[in-house]
Amino acid sequence: MTAPRPASLAGLAGVCLFAALAAAPAARAQQAPPRPPAEVTVVEVAPRNTPAQFEATGKTESSRLVEIRARVEGYLDRIAYQEGSVVKQGDLLFQLDPKPFEAALDSARAALAQAQARAVNASATLRRVRPLAQEKALSQKDLDDAVAADLEAQAAVAAAKAQVRTAELNLGYTTIRSPLTGKAGDSAQREGSLVTPGSAGLLTTLVQTDPMWVVFGLGEQDVLRFRSGVAAGTLKTPGQGKVAVEIVLADGRVFPQQGVITYVAPTVDAQTGTVTLRAEVPNPDGSLSPGQFVRTRAVNIELVDALMVPQRAVMQGAKGKFVYVVVDGKAEVRPVEPGQFYGDQWIITKGLKAGDPVVVDGAIKLAPGAPVKVTGPAK
């Protein structure tokens, strides 16, 4: 009857040993030293004027495109320029056969001389008739006829002079010179061809390449942001006709010359939802050609008193973007609304105020309320 007793004592001992082992980690946890503050760097938010970012894709266009057409009918004697080359204003492009027009001018001059001779005779006749009519030696009709003949002769002289002028113009039109400095296209006619004025008289096309135009569309949202910013005083602009743009080429290089916006469309394109703008860009070496796709960036529009933090300071949470701010030596979560990028900085439109110490390096190790040790300003 007394045999099971040692087993009961052994079981009780095992339970006590298990309880002691289970309590040991808790005791050690209670004795563990507190976690040291996380070392972080901070940046103190300070308002400053910052270039505003307005970017768009654009396309280069010639600032002046001229179609060279024949103004008189004639045979093409000579093509005087190299097709595809740069021509200067006043350079000879085409020469039509001038001989028929020289003959027409000679004929017009001869007709003028005849008209002038008749006018001289009519004036002399009038001078003889007038005193005779006053003495009643001739009738009033004779005087009227003499006056009319003199006036008719003077009119004939004027008409002959106009014919001479027309002949001179037509002769001048046989020599076709460049009206501008630019690149000339290929010739639509060959030597010996009969060219005619009008729609069939196209000879070539000239494009002016200095300056060039860059045409681009700015989204309606950007336009509204710009207008509201100017109205509220948060955007500072140099004034109408002075907004400069930077041109970025397809390979990423920045074009050395900046342009100036010279035109803003008065309406929004219903199909694209953009407002068309045009910038004029100096192109002295001709490196820009019509039809290139480029990026445009405004360079002298400023955000007034913008608040910025490094991009690496902004983190993404379940409820949106946030930063850590140091308050009384502890990390505090601050939800923010970022705007545009500027270099490696993020412009914060809501959630921060001037003087806030924002954690930059070491934020990934933090939790809300965690103690922090600021080791210095962020670099």
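Residues numbered from 1 in each chain as written. Predicted model: local features only at pLDDT ≥ 70, side-chain atom pairs only at ≥ 80, totals over all residues. Heavy atoms only, no water.

A. Region of interest: the environment of Ala104. For Ala104, the position within the fold is in helix α2 (residues 99-134). Its relative accessible area of 39% is what places Ala104 among the partly exposed residues. The sequence separation of Ala104 and Leu277 amounts to 173 residues, and the corresponding C-alpha distance is 51 Å. (Helix = DSSP H or I, 4+ residues; strand = E, 2+ residues; numbered from the N terminus. Buried < 20%, exposed > 50% of the residue type's maximum accessible area, 1.4 Å probe, protein only.)

B. Seen up close, the nonpolar core. The biggest cluster of nonpolar side chains holds 28 residues, and the ones touching the most others in it are Phe54, Phe216, Ile247, Ile261 and Ile301. Looking at this core, the elements that each hand over two or more residues are β10 (202-219), β12 (244-248), β14 (274-281), β15 (293-298) and β16 (302-310). In terms of nonpolar packing, the next biggest core, distinct from the first, is built from 18 residues, Val72, Phe94, Leu180 and Val195 among them. (Core = buried A, V, L, I, M, F, W, Y, C linked by side-chain atoms within 4.5 Å.)

C. Up close: the environment of Gly259. When you line up the elements, Gly259 lands in strand β13 (residues 259-264). For Gly259, a relative accessible area of 1% puts it in the buried group. Each C-alpha atom of the pair Gly259 and Gln140 lies 77 Å from the other, and the pair is 119 residues apart in sequence. For Gly259, the residues in contact, after removing those within four places along its chain, are Val243, Ala244, Val245, Glu280 and Val281. (Contact = heavy atoms within 4.5 Å.)

D. Geometry of the side chain of Thr274. By the element assignment, Thr274 lies in strand β14. A polar contact of 2.7 Å, which involves the side chain of Thr274, links it to the side chain of Thr272. Every residue in contact with Thr274, bar those within four places of it in the chain, is listed here: Gly217, Leu218, Gly219, Thr267, Val268 and Asp269. (Polar contact = N/O pair within 3.5 Å; in protein donor to acceptor, adjacent residues only side chain to side chain.)

E. Fine view of helix α4 (residues 220-232). Spanning 13 residues, α4 covers 18 Å between terminal C-alpha atoms, matching the ideal 18 Å at 1.5 Å per step. One or two steps after α4, the chain reaches Gly233, where phi turns positive at roughly 85 degrees. (Expected span 1.5 Å × (residues − 1).)

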